[in-house]
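# Observations on the model geometry
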Amino acid sequence: MSQQSVNSKPDYADDAGSEDLARQVVRPPIDYSSLSAFRTSVWSRWKSLWTKRFIFSLVAGQVVSLCITVTNVTTTELVGRNWSLPTTQTWFLYFSLFLVYTPYTIYKYGLRGWAQMVMRDGWKYFILASCDVEGNFLVVKAYNYTDLLSCMLLDAWAIPVCLFFCWVYMRTRYHWTQVLGIVVCVGGLGRLVASDMLTDKNYPALSKGKGDAFMIVGATLYGFTNATEEFFVRKRPLYEVVGQLGMWGTLINGIQASALEHYDMTQASWNGATIGFLLAYTAAMFILYTTAPLLYRSASSAFYNISLLTSDFYGLLFGTCAVNHFSPFWLYFPAFAVVIVGLIIYFWHATPEGQGKLDPQAPDYVQRMRPQEEVQV
């Protein structure tokens, strides 16, 4: 094994580890002097988009979007098999994150260094985990009370919330083309909503006011946690952030599940099918929670949020074709294409490197306790 510092950075940190480098990565200007010059400059701008970092961000965004679809499908299957324990269900996710990333953090920092990190910075991760747990809980509850149309539209509220907190944390400056990209992506979501209305896939609301309130608060917490986690992973190693999210999430979620679902646990159907769907749900969420911080670093949490808008397309396509054996409505595909175009427009002028300073390092007190020569990777 090669000897490296506890501050070993990924390639993205090397590409954008300073603000000066981020300023140097700019798009070729558009030349309006003549038609031929305009065509040439637009083609140069188009080619400049397709860097390894942007391609990774685009693919990672669709990976997390597919993970969301898998979680929705498996949750539906669990409910249909008399297993409706949303808080208990997500406990397995947080526990798996804790089980994988916390031991690795201890290995990198040492037991004393990890304990110091928990004592000094644990309160930050406790707030992050609390908002994440409650956001998941409230969004699941919202689906029980309001209709599908409201859920799809109000869930997009996480996008402006995320933009606001990114500005608060990192003073991110948004170009008008980024705002346009977001509007185009939401327009694609609107086409999906229209498809649902035209094909009568909406369902009646049990208590629309309560459900809409749950969804708005849940989406607000989602936007806050996405921006906050991006702020953390740009400054600290990924394994520390995700490991702490898993540790505190396990404790908070476990207490909440014991309080709210202790009786339902005894009434739920525990069999091979439900355990299989639970494992699939946990695996999809584990991939999502591992990929999301990488996407925050390579692009931004705002790009992550607009990427998730394609999950409605995957979900509707899977629900109509694979489950119900219906032909997909023709508007699904233009809607998906519109969202992808919006994702490209988002970085038409801005660059992934310019979304924020990326310099993940272990805490100073850990570095003093763990000299470079003692750390192996």
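The coordinates are above.
Basis of the calculations
Residues numbered from 1 in each chain as written. Predicted model: local features only at pLDDT ≥ 70, side-chain atom pairs only at ≥ 80, totals over all residues. Heavy atoms only, no water. Salt bridge = Lys/Arg side-chain N within 4 Å of Asp/Glu carboxyl O. Helix = DSSP H or I, 4+ residues; strand = E, 2+ residues; numbered from the N terminus. Buried < 20%, exposed > 50% of the residue type's maximum accessible area, 1.4 Å probe, protein only. Contact = heavy atoms within 4.5 Å. 1 Å grid on protein atoms, 1.4 Å probe; cavity = no way out; pocket = protein on both sides within 12 Å on 5 of 7 lines; lining within 4 Å. Points joined across faces, edges and corners; volume = space filled by probe spheres on them. Core = buried A, V, L, I, M, F, W, Y, C linked by side-chain atoms within 4.5 Å. Phe/Tyr/Trp six-rings, centres within 6.5 Å; stacked < 30°, edge-to-face > 60°.

A separate point is the pattern of salt bridges. Counted by the stated rule, this structure contains five salt bridges. Salt bridges here are not isolated pairs; linked through shared partners, they connect Asp121, Lys124, Arg236 and Glu240.

Turning next to the side chain of Thr282. By secondary structure assignment, the location of Thr282 is in helix H12 (residues 272-298). Judged by its relative accessible area of 12%, Thr282 falls in the buried class. Apart from residues lying up to four places away in sequence, Thr282 is in contact with Phe92, Leu93 and Ser96.

Under the counting rule described, the total for this entry stands at two cavities of 30 Å³ or more. Volume-wise, the largest cavity comes out at about 40 Å³. Looking at the largest cavity, the residues that line it are Pro86, Thr87, Thr90, Val133, Asn136, Phe137, Val140, Asn253 and Gln256. Elements supplying a minimum of two residues to the lining of the largest cavity: helix H5 (86-109), helix H6 (111-145) and helix H11 (238-267).

With that out of the way, let us pick up the nonpolar core. In terms of nonpolar packing, the biggest core is built from 58 residues, with Tyr289, Phe303, Tyr304, Ile306, Tyr346 and Phe347 touching the most fellow members. Setting aside anything within four residues of it in sequence, one finds Tyr304 in contact with Val64, Asn226, Leu288, Ala292, Leu295 and Tyr296. Phe313, Leu316, Tyr332 and Ala335 belong to the second largest nonpolar core, which has six residues in total.

Counted according to the given criterion, the structure contains 29 aromatic pairs. Relative to Phe165, the ring of Phe164 has its centre 5.2 Å away and its plane inclined at 75°; by these criteria the two rings are edge-to-face. Its relative accessible area of 21% is what places Phe165 among the partly exposed residues. Clustering of aromatic rings is evident, with ring pairs tying together Tyr125, Phe164, Phe165, Trp167, Tyr169, Phe224, Phe231 and Phe232.

Function-wise, these values are silent; they only describe arrangement.
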